Amino acid sequence: PVLSARTLIVGRVDVSKVDPTALVKWERDVVKAANLNAQEMAQATKVIDDESKQGTQWASDFVAAGGKRVYFVISLKADGSSFSIMLAPTGAGSDTGTLQNLLRFGAKTAPQGAEAASAAQSKVINNSAIVIGEKSDFDSIDQNPAIARPSLLKALDAGDEPVRFIMEASPDVQ
C-alpha cells in the first residue's frame, strides 16, 4: 500500500544475507582509496570498527526477532520534495515490538526518552509489515493513492544479492 505513481526508488536489504566481514573489507578499501593522512585513516578505521560491531549486533538482534528483510521506498511529495519510509515484513513468531524498536532506535528496547525525541513513527500494516517514517511521510502516503508498479517490483525481485536498489520513474513524474 505504499507504492504510488510518485515512487522513484525501492530497495531491499536481506539482513540475514549481509556478510559483515565483506562489508568491513569494502569500507576499509574505500577509506584506503581516499588517500587519507595517518590520523584521518586511524579515525576512519576506528569508526568502521565501532559501527561494524554495532551493525553486526543489530543484524543479529533483527534476525533473532524474526526479521529478514528491510525495504526502503523513496517517493516524491506533491511539492516535489522527497520522503522515504522503511518497511519490514513480519511473520508468524516475529517479535513486532522488538523489530519496531530496532528500526526506529537501533536497539531492542527504546532508550529512555527516545519515544518523545524521535521524529520516526511506526505502524503495523495488516499484521504483516512494520512501516517506519515521519508523520508527514505517512500523510504523503495517504495523499498518493497506491498503485501497482509491476515492473519496479519485478526488477527488485530479479536478483538474489543481499542489497538491491531500483530506480524507476513512472510516466507521471518523468
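Each residue is numbered by its place in its chain's sequence as written, counting from 1. In view of the model being predicted, local features appear only for residues whose pLDDT reaches at least 70, and side-chain atom pairs are presented and counted only at 80 or more, with totals across whole chains, interfaces and linings using the full set of residues. As a convention, hydrogens and water are excluded, and side-chain values are obtained from all of the structure's heavy atoms.

## Points about the overall build of the chain
Along its length, the chain carries 6 helices and 6 strands. Reported as C-alpha extents along the three principal axes, the dimensions of the chain are approximately 50 × 40 × 30 Å. Exposed residues in this analysis have more than 50% of their type's maximum accessible area, buried residues have under 20%, and partly exposed residues fall in between, with area computed by a 1.4 Å probe over protein chains only. Here the chain, with 174 residues, has 34% of them falling under the buried criterion. Contact between two residues is taken to exist if any of their heavy atoms lie within 4.5 Å; hydrogens are not considered. Taking the intrachain contacts of the chain between residues at least 6 apart in sequence as the baseline, contacts between residues at least 24 apart amount to 63%. Accessible area of the chain: about 10200 Å², with a carbon and sulfur share of 55%. We count Lys and Arg on the positive side and Asp and Glu on the negative side, and we leave His and both chain ends out. Throughout, a charge is located at the NZ atom of Lys, the CZ atom of Arg, the CG atom of Asp or the CD atom of Glu. One way to put it: in the chain the 18 positive side-chain charges average out to a point 3 Å from where the 21 negative ones average out. A run of DSSP states H or I qualifies as a helix once it reaches four residues; a run of E qualifies as a strand once it reaches two. Both are numbered from the N-terminal end. Each accessible area is a Shrake-Rupley result for a 1.4 Å probe, and residues are judged covered by the shown protein chains and nothing else.

## Points about empty space enclosed by the protein
In this approach, a probe sized like a water molecule rolls over the atoms, and the result shows the empty space that is left. Grid points spaced at 1 Å and placed over the protein atoms alone form the basis of the search, with a cavity being a set where a 1.4 Å probe fits but cannot get out and a pocket an open set showing protein on both sides within 12 Å along at least five of seven lines. Lining residues have an atom within 4 Å of a point. Grid points are joined across faces, edges and corners, and a volume is the space filled by probe spheres set on the points. According to the stated counting rule, one finds 1 cavity of 30 Å³ or more in the structure shown. Lining the largest cavity we find 11 residues, and of these Val2, Ser4, Phe83, Ile141 and Asn144 sit closest to its centre. Residues that form the lining of the largest cavity fall into these classes: 7 nonpolar, 4 polar and no charged. Residue polarity is assigned by list, with Asp, Glu, Lys and Arg as charged and Ala, Val, Leu, Ile, Met, Phe, Trp, Tyr, Cys and Pro as nonpolar; anything else, Gly included, falls into the polar class.

## A few points about the environment of Phe72
With respect to the helices and strands, Phe72 occurs in strand β2 (residues 69-76). Sequence separation of Phe72 and Ala59 is 13 residues, and the distance between their C-alpha atoms is 16 Å. When neighbours within four sequence positions are excluded, Phe72 is seen to be in contact with Ile9, Val10, Gly11, Val13, Ile85, Met86 and Phe165.

## Looking at the side chain of Gln100
Within the secondary structure, Gln100 sits in helix α3 (residues 96-105). Contacts of Gln100, omitting those with residues within four sequence positions, involve Ser122, Lys123, Val124, Ile130 and Ile132.

## Quick look at the pattern of salt bridges
Whenever a carboxyl oxygen of Asp or Glu lies within 4 Å of a side-chain nitrogen of Lys or Arg, that contact is scored as a salt bridge. Under the counting rule described, the total for this entry stands at 9 salt bridges. The closest approach of N and O atoms between Asp14 and Arg69, which form a salt bridge, is 3.6 Å. Linking Asp14 in strand β1 (residues 7-14) with Arg69 in strand β2, this pair joins segments that are 55 residues apart in sequence. On the basis of relative accessibility, which here comes to 1%, the residue Asp14 falls in the buried class. For Arg69, a relative accessible area of 26% corresponds to the partly exposed category. Asp160 is paired through a salt bridge with Lys17; the nearest N and O atoms lie 2.6 Å apart. Of this pair, Asp160 sits in the loop between α6 (150-157) and β6 (163-167) while Lys17 is found in the loop between β1 and α1 (20-33), placing the two residues 143 residues apart along the sequence. Exposure remark for Asp160: the relative accessible area of 58% places this residue in the exposed category. On the basis of relative accessibility, which here comes to 36%, the residue Lys17 falls in the partly exposed class.

## Things to note about the packing of aromatic side chains
Only rings of Phe, Tyr and Trp enter the pairing, Trp through its six-membered ring, and a pair is recorded when the two centres are within 6.5 Å. The plane angle decides the type: under 30 degrees is stacked, over 60 is edge-to-face, the rest tilted. For the coordinates displayed, the defined rule picks out 2 aromatic pairs. Relative to Phe62, the ring of Trp58 has its centre 4.9 Å away and its plane inclined at 15°; by these criteria the two rings are stacked. Taken together, the residues Trp58 and Phe62, both in helix α2 (residues 38-64) and 4 residues apart, mark about one turn of the helix. Here Phe62 falls in the buried class, since its relative accessible area comes to 0%.

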